[in-house]
Amino acid sequence: MNQELILKMEKISKSFPGVQALSDVDLEVFKGEILALVGENGAGKSTLMKILTGVYQKDKGRIIFKGKEINPQNPHEAQKLGISIIYQEFNLAPNLDIATNIFLGNEPRKGKIIKLFDYHKAFQESYKLLNLLTLNLSPDTLVKDLTVAQQQMVEIAKALAQKSELIIMDEPTSALAGKEVQKLFEIMKKLKEERISIIFITHRLEEVFEIADRIIVLRDGKRVGELPAQKDKYDEVIKMMVGREVSVAPKPPTKQDTIILEVKNLSSKKIKNISFYLKKGEVLGIAGLVGSGRTEIIRAIFGADPKIYGEIYLDGKKVEINSPKDAIKLGIGLVPEDRKLQGLILNMAVFENISLASLKYLFPNGIIKSALEYTLAQKFVEKLQIKTPSIFQKVVNLSGGNQQKVVLAKWLALRPKILILDEPTRGIDVGAKAEIHKLIGEMAKEGIGIILISSELPEILALSDRILVVSKGRITAELTKEEATQEKIMQYAII
Amino acid sequence: KEIHVAVIGKSVHPYWAEVELGVKKAAQDLGVKATFFVPQKEDIPAQIAQMESFIAMGVDGIAIAPSDPTAIAPTIEKAMAKGIPVITLDTDAPQSKRLIYIGTDNYSAGKIAGMVMNDLLGIKGGKVAIGTGSLTAMNSLERMRGFMDGIASNKRIVVVTKPALCDFEDTGRAVTLAEQALLTYPDLRGFFGVYAFNGPAAAKAVKSAKKVGQVIIVCFDTTPEHMQLIKEGVIAATVGQRPYMMGYKSVEVLTKMAQKGVAATLKELPANRIIDTGVDVVAADKYIKTIKSVQALTVEQYRKKLQELGIPVQGW
Amino acid sequence: MKIKSNKPIKIRKFYFRELNILIALIVLSVFITVMNPKFITPFNLQVVARQIAIYGLLAIGETLIIIGGGIDLSVGSLVALTGVLVALFMKNGIDMIIAIILVLIISSLIGLWHGFFVTKLNVPPFIITLGTLTAARGFASVITKGWPIIGLPEKFFFIGQGYIWGIPFPTLIFIAFALLAFFITKYTVLGRNLYAVGGNIEAARLSGVDVDKVRIFTYVFSSFLAGITGIIIASRLSQGQAGVGGGYELSAIAAAVIGGTSLSGGEGTILGTVIGASIMSVIHNGLILLEISSYWHDVVMGLVIVTAVTIDIWRKKKR
Amino acid sequence: MKIKSNKPIKIRKFYFRELNILIALIVLSVFITVMNPKFITPFNLQVVARQIAIYGLLAIGETLIIIGGGIDLSVGSLVALTGVLVALFMKNGIDMIIAIILVLIISSLIGLWHGFFVTKLNVPPFIITLGTLTAARGFASVITKGWPIIGLPEKFFFIGQGYIWGIPFPTLIFIAFALLAFFITKYTVLGRNLYAVGGNIEAARLSGVDVDKVRIFTYVFSSFLAGITGIIIASRLSQGQAGVGGGYELSAIAAAVIGGTSLSGGEGTILGTVIGASIMSVIHNGLILLEISSYWHDVVMGLVIVTAVTIDIWRKKKR
Ligand SMILES: Nc1ncnc2c1ncn2[C@@H]1O[C@H](COP(=O)(O)OP(=O)(O)OP(=O)(O)O)[C@@H](O)[C@H]1O
Ligand SMILES: Nc1ncnc2c1ncn2[C@@H]1O[C@H](COP(=O)(O)OP(=O)(O)OP(=O)(O)O)[C@@H](O)[C@H]1O
Ligand SMILES: [Mg+2]
Ligand SMILES: [Mg+2]
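1. Let's talk about the side chain of K405(A)
Residues and elements named next belong to chain A. Here K405 lies in helix α15 (residues 400–413). D429 is the oppositely charged side chain nearest to the buried, salt-bridge-free K405, at an N-O distance of 5.4 Å. When near neighbours in sequence (up to four residues on either side) are disregarded, K405 contacts L384, Q385, I386 and A432.

Structure below.
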């Protein structure tokens, strides 16, 4: 491999109030390589990248890019230097169209004195990029009308449009399913051929071994090691990240016969005639391509979106669910796919987020007893190993994965009969993911019926007792654990 | 075709409500159509725009109480150019082309208030506070200017507020401000209330501070509330500008102009083009003798006078 | 960051977030007292306390609404309208108590109207309450034609003018509602849900919070308090007056924000608002006690609002 | 949304989102004309046009600020202050042109002050401009002691009172700035960035948009337009007056919102605002032409604001 250095970060340190996010981290990237940066949630990956792109200022250390020391004060400076980034959290203006978003801050201009926005050019270029990503959308579609995955693709297009020499991808695949991931990898390979360097952050370690050249592992804000990206290093990487072995045991099938949930002919704006059932203690996986309508199905059940018609039976009794409130009262919980917009009150403390859905039931007379609330929160912080200085920390200051755990805790605290999980392990590290998988197993054993949506087929296959495949708003197949394979699912997903 | 005249006031206020009564009565007596109009609050550009709308409407005459005499001049000119006679009431715009002015100007009325205060405080003078609803409206400024000239002869009268406590036409605040004035200046001897509600507001404060008789209140307007407080002796004297008359006379003059022509009407009116509607000074019984510089009336005398003039007595 | 298992629950150290502005209030009061000792005479403190009650009642309602992510521009006009209505009712022979109850029902219904538009029709609160700001004042004028409604029953005047143990009655009403609001925001599920709604309405909804109910509650409560304030002012003036209340909404919002309420929602405390309203009243009072020319009053008020908020934001950022 | 493969590159058909309110404006005008044909006399149209100019200039500034996610409460007071200043300068022998330039510089600096507080100190725009709302009016009083500044040079009066080809000069100024703002929002990078800032400020910042610059620009522009308006009104009144402009900020905001600008930022058009300002002016004019008692005007205005916005929101939701 060519050993020409493009970036060198030396002894980078950064602290936030109450947290030493990074201490003396070194990182080097060579020209034309794909460097994987891995580590547990809260290890400091995003923070390191944000220092590189000028979002945060480092406390200490040096950054040398293309032989020159740089000190970007804001993302714009970094961009001008040739560093672009796909942020972990979405950064799109929902009120604008795709083309404008792709070229935001990087607008094609015409006119000499007055900077006119060359929309035509932006449109054409965007169209090309979208085509490259096989995203069949018109560039003048408003971003707020896109699904999460489509937004992620737009984010990728946005980074590509900047034509940088170093592209940082902070968990670009967490919202993508197999097909899109493969598409992204193809593009990454192409970029590599053009000798563009990529820093790739992901929690899906298979991806690392598939695409990366080299791996750097962070733990607790320190660099703990560097490895070549070879399949046989899998266990070593995990051990470095987590500091212990992680075993991912497939969930044993549960044997339960009582049907607790039955959905008949459910239809809403985006879905047609959805009928299925869920048994007590069963994990029902829902698979499908991005935008197939999986989220729509469970949102309609949960009362988050209006349904046009359809019947829902709980324990054999017909129920009316017109709002999430109704659903929760009936014992249904939902971990939504976008934790920042739908899952969390970012400015509230951890304990307030954990108890939010349960308050009404914990304190039926409407008056909060703090001690009880704190105990509840503390229990779940420990159970899910949420990394936080205390339960009084604002959720906004937690790392993405830990935020996700807070959302889970909120629903577990409610002790639901049915729990719907929409991409529950999105952005969660291997260790925590294993924990969550274990938890799903335990919940099922306790008799909770679980509906699991995930874009990671292995996850679906490992956990589900039964799998529904969704395509274009319809259920196209129902597969048992035994008959389901990745190929079979894909086959039904593209019908 | 029915004669249609418009009378434009300054703001929603009892004073203008009284003008409106006069307007309505005159319209009824003369068998013409009279539109009375007031902006919600004093607002010069809005008033001008509203007058322009009346011009566009093509009324047969406009009487306006300009919130600002200079600012209104071009608009008056515009109306006159379109053949709509314009007169002023309450506040004159002498620099403009207005045909005639009906009312007592605020400066003179303020000066009378000042002289009354001067009489009531006597030689030994003392501290006086002023409360008003606006530090920018012309009527407030003119009344205060007149008041200052009215007390100027006695150097021992000191106005302690600089220049006046302004409540922005908020009655509630007017009371609080008066209370604070009594507190800040314990030896306060006089209070001059510029807007209609300022006198009663001061009266309220004086009552709650138990300083009735100690602080002399001189104020403007003759609402039922004023009359009540004068009977109680809390307000010493008030200056009434006869808004009813202004309203009535305005419609009368405009109607005559529409019927007989402008020139003919003007011939019947005073040569200085001012119809002075006069002021009434109404004072509490115990103070009536002290007021020397003007003719003051008791409440009862005032009632009689109004009845003689044919002005309805309402609410007291 | 290490995670210890079984770590004992540490109750949060009491962080007194209103400290900054409390200090500001104390410094201000001391300063005024030094310049003019009349500030701490009982009579003056009564004046200030009554003033705090007026601003404070409106500011409490405003605080709840702002915490929930809304705003209410109508309270000033509602004060005028409700004051006129209570006077009108009594003038027409309706018993005082019934008149008061009627007015409070009407003002609550206006709040419900606001809440309905905001939650069900998605009209921005700024607009629906701006509409009421304009229309309610208009109605007050329509009813009174500018004339004050006087000749109200004597017993009505206690509400605005009376004292109990030397404390102005309006101040006692204010304290009662401040305690109620404090309790709601601090110790009830409703209060917690309110913060959640203001922080992230979608997340709150998906967590089963009855978002509409919570928001409607704030609008009703705010209008109800405006009704209370209107009655107090009518009683204080012994009359129904269409001209009162102009700009009170801005003072109330300013008091809330000075007290640390964030206009973007999800943040704010009643204690802060009480202190904020106190600061505003003390300054109004001080400007006169210090015999500052009235031309300068507005300038000073404007600068104080900006300074107070800026310092607060700046100190919060620093910590 | 259908997804077709290989669909040709086509820029979306022009969607005329201001249609609703344009229809409303037309219906309103026709209605008034039928009731009183004087509405369409040239003189009356001049009256309306001049009125549109005043609301419209302020509403344009407000629109840009609101698109960027802010708000400006200061414009009404700035109108008073700048009008007083321009008169003061000329009164003190400064040449008209220089006086105007000076005033525009001063008003821009005030906008810069707002922008500075909003962007660098994180003070909510509501607060910093509320401060100016209060303080600027105070300054105007301090300067004039309440008295109008009169005796200005004749040539100054053309700005507010003159006509070119029968069109009031203020209307021409308004049209010029409306075109400028239209151009900025529609075709420049600055304009696009403004929408992004209002839509998702964090995203815009992380994408390398100079967020602060964009926002500061809007505040400067708004204050600048308030300066222009202040000069126009001073010229129209032939004097500098500290008492003008009260509540103009709310009318300007209402005009913008009626025109479809969303108070949560990121949405709004200049064309919409122009129509919104026109609706407000036509109603003000129509109320008089239809001989509606002046006490009812505010009630009608309040209801119109609410109805216009509600219908707009409702129709947008339906499509
Ligand atoms: N703005 C902030 N204020 C306070 N603490 C912060 C802030 N941003 C990050 N942290 C803390 O810094 C640490 C590193 O966070 P970072 O987001 O870099 O983790 P990460 O490795 O990207 O994790 P993940 O895989 O979950 O995205 C965490 O403990 C986090 O709580
Ligand atoms: N707000 C919206 N407006 C318009 N169309 C939408 C909106 N949200 C989703 N869609 C469309 O609805 C369809 C189903 O979306 P949904 O989010 O349910 O898919 P999904 O299978 O859950 O995908 P993802 O993996 O992205 O979560 C897609 O075609 C998508 O484009
Ligand atoms: Mg991260
Ligand atoms: Mg989904």
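On we go.
2. What about the site of ligand 2?
Taken together, the neighbourhood of ligand 2 is formed by 17 residues, with G291(A), R294(A), T295(A), E296(A) and E337(A) sitting nearest. In this structure ligand 2 sits where residues from chains A and D come together. The separation between an oxygen atom of ligand 2 and a polar side-chain atom of T295(A) is 2.4 Å. Side-chain polar atom of E337(A) to an oxygen atom of ligand 2: 2.8 Å apart, as the coordinates give it. Burial of ligand 2 by the surrounding chains reaches 81%, relative to a free accessible area of 620 Å². Residue assignment for the shell around ligand 2 shows that the elements contributing at least two residues are α5 (148–161) and α9 (294–302) of chain A. A breakdown of the residues in the shell around ligand 2 according to their chemical character gives five nonpolar, six polar and six charged. Looking at which domains feed residues into the shell around ligand 2, each of domain 1 (5–242) and domain 2 (279–306 + 321–493) of chain A gives three or more.

3. Focus on the interface of chain C and chain A
Across the boundary between the two partners, chain C contributes 27 residues, which contact 40 residues of chain A. Summing the contributions of chain C and of chain A, the shared interface buries around 3,000 Å²; its carbon and sulfur component is 61%. Along the contact surface separating chain C from chain A lie four salt bridges. Salt-bridge contacts for E202(C) lead to R299(A); the nearest nitrogen and oxygen are separated by 3.9 Å. At the junction of chain C with chain A, the criterion picks out nine residue pairs in polar contact (both at pLDDT 80 or more). The greatest single-element share of the side of chain C that touches chain A, amounting to six residues, is contributed by helix α8 (residues 189–199) of chain C. Classifying every residue of the side of chain C that touches chain A gives 13 nonpolar, seven polar and seven charged.

4. A short note on the environment of R192(D)
Residue position: R192(D) is located in helix α8 (residues 189–199). When the C-alpha positions of R192(D) and T132(D) are compared, they lie 29 Å apart, and in sequence the two are 60 residues distant. Apart from residues lying up to four places away in sequence, R192(D) is in contact with L96(A), T100(A), F117(A), T185(D) and K186(D).

5. Let's talk about the relation of the copies chain D and chain C
Turning chain D through 180 degrees and shifting it by 0.0 Å along the axis lays it on chain C, with an RMSD of 0.2 Å. In the structure described here, the two chain copies are related by an operation that fits a two-fold rotation axis. Using C-alpha coordinates, one finds that chain D approaches the rotation axis most closely at G247(D), a distance of 4.7 Å. Both copies share a contact surface, since 97% of the interface residues of chain D are interface residues in chain C too.

6. Description of the coordination of the magnesium ion (ligand 4)
Residue and element names in this part refer to chain A. All of the protein donors around the magnesium ion (ligand 4) are T295 (OG1) and E337 (OE); their distances to the metal are 1.7 to 2.4 Å. Pair noted here: T295 is in helix α9 and E337 is in the loop between β18 (332–335) and α11 (339–343), with a separation of 42 residues, a long-range link. Residue classification places E337 among the buried residues on the basis of a relative accessible area of 17%.

7. Let's talk about the interface of chain D and chain C
Opposite the 39 residues of chain D that make contact, chain C presents 38 residues. Summing the contributions of chain D and of chain C, the shared interface buries around 3,400 Å²; its carbon and sulfur component is 85%. Three residues, F126(D), I127(D) and Y295(D), lead the burial of chain D against chain C; their summed loss comes to 18% of the area buried on that side. Taken together, the connections running from chain D to chain C amount to zero salt bridges. At the surface where chain D touches chain C, the tally comes to one residue pair in polar contact (both at pLDDT 80 or more). Within the residue set of the side of chain D that touches chain C, elements represented by two or more residues are α4 (96–120), α5 (125–144), α11 (248–258) and α13 (294–318) of chain D.

8. Section: the site of ligand 1
Taken together, 21 residues are adjacent to ligand 1, and G42(A), S46(A), T47(A), H203(A) and N397(A) come closest. This site is not confined to one chain, since residues near ligand 1 come from chains A and C. Within the side chain of T47(A), one N or O atom sits 2.5 Å away from an oxygen atom of ligand 1. Here an oxygen atom of ligand 1 sits 2.6 Å away from a polar atom, N or O, in the main chain of N397(A). With the chains in place, 90% of the 640 Å² that ligand 1 exposes on its own is no longer accessible. Secondary-structure elements contributing two or more residues to the shell around ligand 1 are β2 (19–30), α1 (45–52) and α15 of chain A. Examining the composition of the shell around ligand 1, we find that three residues originate from one element, α1(A), more than from any other.

9. Details of the sheet that holds strand β13 (residues 259–267) of chain A
The pairing of strands in a sheet comes from backbone hydrogen bonds and takes either a parallel or an antiparallel form. Residue and element names in this part refer to chain A. Pairing is antiparallel in the open sheet, where four strands are placed in the order β14-β13-β16-β17. Single-partner strands in this sheet number two, and they are β14 (274–279) and β17 (317–319). Taking the axes of each pair of neighbouring strands and ignoring which way they run, one obtains an average angle of 20 degrees across the sheet. Docked against the sheet, α9 engages β13, β14 and β16 (309–314), running at close to 110 degrees with respect to β13.

10. What about the pattern of salt bridges?
Residue and element names in this part refer to chain A. All chains considered together, the criterion is met by 53 salt bridges over all chains. The partner of R204 in a salt bridge is E207, and the shortest N-O contact between them spans 3.2 Å. E207 carries the same exposure label as R204, and that label is buried. Close ionic contact of E456 with R204 constitutes a salt bridge, the shortest N to O distance being 3.3 Å. Here the residue E456 occupies a position in the loop between β20 (449–453) and α17 (457–463), and R204 occupies one in the loop between β10 (197–201) and α7 (205–211), the gap between them amounting to 252 residues. Taking the relative accessible area as the measure of exposure, E456 reaches 10% and is therefore buried. Several salt bridges share partner residues, and in doing so they unite E28, E33, R214, R223 and E226 into one network.

11. Section: the nonpolar core
One recurring pattern in soluble globular proteins: nonpolar side chains tend to sit buried together. Counting residues in hydrophobic clusters, the biggest one holds 337 residues, and the most contacted among them are M51(B), I62(B), F156(C) and F156(D). The biggest single contributor to this core is helix α2 (residues 42–67) of chain D, with 15 residues. The residues contacting I62(B), other than those within four sequence positions of it, are A6(B), I8(B), M51(B), F54(B), I55(B), I84(B), P85(B), V86(B), I87(B) and L254(B). The next biggest cluster of nonpolar side chains, apart from the first, holds 72 residues, and it includes F276(A), I286(A), L384(A) and L463(A).

12. Overview of helix α4 (residues 96–120) of chain C
Residue and element names in this part refer to chain C. Look at α4: 35 Å from first C-alpha to last across 25 residues, which is about the 36 Å you get at 1.5 Å a residue. If you check the start of α4, you find a side-chain oxygen 3.1 Å away from the backbone N of I97, and it comes from D95. Remark: N122 follows α4 within two positions and exhibits a positive phi of approximately 60 degrees.

13. Describing the pairing of strand β12 (residues 222–228) of chain A
Residue and element names in this part refer to chain A. One ladder, built from six bridges, connects strand β11 (residues 214–219) with β12; its direction is antiparallel. Paired with I216 across the bridge in β12 is E226. Where β11 folds back on β12, the antiparallel hairpin that results is connected by two residues, among which D220 adopts a positive phi of roughly 45 degrees.

14. Looking at the layout of surface pockets
By volume, the second largest pocket amounts to about 690 Å³. Considering the residues around the second largest pocket, the lining is formed by 29 residues, among which K204(B), K207(B), F157(C), Q161(C) and S238(C) are closest to the centre. Elements that contribute at least two residues to the lining of the second largest pocket include exactly α6 (171–184), α7 (198–208) and α8 (224–232) of chain B together with α2 (42–67) of chain C. A breakdown of the residues in the lining of the second largest pocket according to their chemical character gives 13 nonpolar, eight polar and eight charged.

15. Concerning the packing of α6(B) against α7(B)
Two numbers describe a pair of packed helices, the interaxial angle and the distance between the axes. Residue and element names in this part refer to chain B. The interhelical angle for the contact between α6 and α7, taken along N-to-C directions, is 50 degrees, at an axis separation of 8 Å. Taken as axis vectors, α6 and α7 run oblique relative to one another. Between α6 and α7 lies a crossing whose hand is right-handed. Between α6, through A174, V175, A178, E179 and L182, and α7, the contact on the second element is made entirely by N198, A201, A202, K204, A205, V206 and S208. Taken together, the residues that form the contact of α6 with α7 break down as eight nonpolar, two polar and two charged.

Definitions and cut-offs
- Residue positions are given per chain, counted from 1 along the sequence in the order it is written.
- For this description, chains carry letters from A and ligands carry numbers from 1, given in the order in which they are written.
- Two thresholds apply to this predicted model, a pLDDT of at least 70 for residue-level local features and 80 or more for giving and counting side-chain atom pairs, whereas whole-chain, interface and lining totals are computed over all residues.
- Hydrogen atoms and water are omitted, and side-chain values are computed over all heavy atoms in the structure.
- By definition, any uninterrupted DSSP run of H or I lasting at least four residues is a helix, any uninterrupted run of E lasting at least two residues is a strand, and each is numbered from the N terminus.
- Exposed residues in this analysis have more than 50% of their type's maximum accessible area, buried residues have under 20%, and partly exposed residues fall in between, with area computed by a 1.4 Å probe over protein chains only.
- Two residue types count as positive, namely Lys and Arg, and two as negative, namely Asp and Glu; His and chain ends fall outside the count.
- For this document, the term salt bridge refers to a Lys or Arg side-chain nitrogen within 4 Å of an Asp or Glu carboxyl oxygen.
- The contact criterion used throughout is that any non-hydrogen atoms of two residues lie within 4.5 Å.
- For this description, a residue counts as near a given molecule or strand if any of its non-hydrogen atoms is within 4 Å of it.
- Distance and chemistry together define a polar contact, namely a pair of N or O atoms within 3.5 Å, with one atom able to donate a hydrogen and the other to accept it when in protein, and with adjacent residues in sequence counting only for side-chain atoms on both sides.
- Surface exposure here means Shrake-Rupley accessible area, sampled with a 1.4 Å probe, where a residue is shielded only by the protein chains that are shown.
- As a working rule, the residues Ala, Val, Leu, Ile, Met, Phe, Trp, Tyr, Cys and Pro are called nonpolar, Asp, Glu, Lys and Arg charged, and the rest polar, with Gly in that last group.
- Where each domain starts and ends follows an automatic or database-derived domain assignment.
- Buried area counts how much accessible surface, traced with a 1.4 Å probe, disappears from two parts once they are put together, with both parts' losses summed.
- Fitting of the copies onto one another was done by least squares over C-alpha atoms, counting residues only where both copies have pLDDT of at least 70.
- We call an atom a donor if it is N, O or S and sits within 2.8 Å of the metal, or 3.2 Å for Na, K and Ca. Water is not counted, so some sites may look partial.
- Any two strands with at least two DSSP-identified bridges between them are counted as paired.
- Interaxial angle, 0 to 180 degrees, is taken between N-to-C directions of lines fitted to C-alpha atoms, where a helix line uses only the stretch in contact.
- Nine residue types can take part in a nonpolar core, namely buried Ala, Val, Leu, Ile, Met, Phe, Trp, Tyr and Cys, and a core is a set of them joined through side-chain atoms within 4.5 Å.
- The span you would expect from a helix comes to 1.5 Å times its residue count less one.
- Here a cavity denotes a set of grid points, spaced 1 Å apart and computed over the protein atoms alone, in which a 1.4 Å probe fits but from which it cannot get out, and a pocket denotes an open set meeting protein on both sides within 12 Å along at least five of seven lines; residues with an atom within 4 Å of a point are reported as lining.
- Grid points are joined across faces, edges and corners, and a volume is the space filled by probe spheres set on the points.
- For classification purposes, angles smaller than 35 degrees are called roughly parallel, those larger than 145 roughly antiparallel, those between 65 and 115 roughly perpendicular, and all remaining angles oblique.
- What makes a crossing left-handed is the near helix being turned counterclockwise from the far one by less than a right angle; a clockwise turn instead makes it right-handed.

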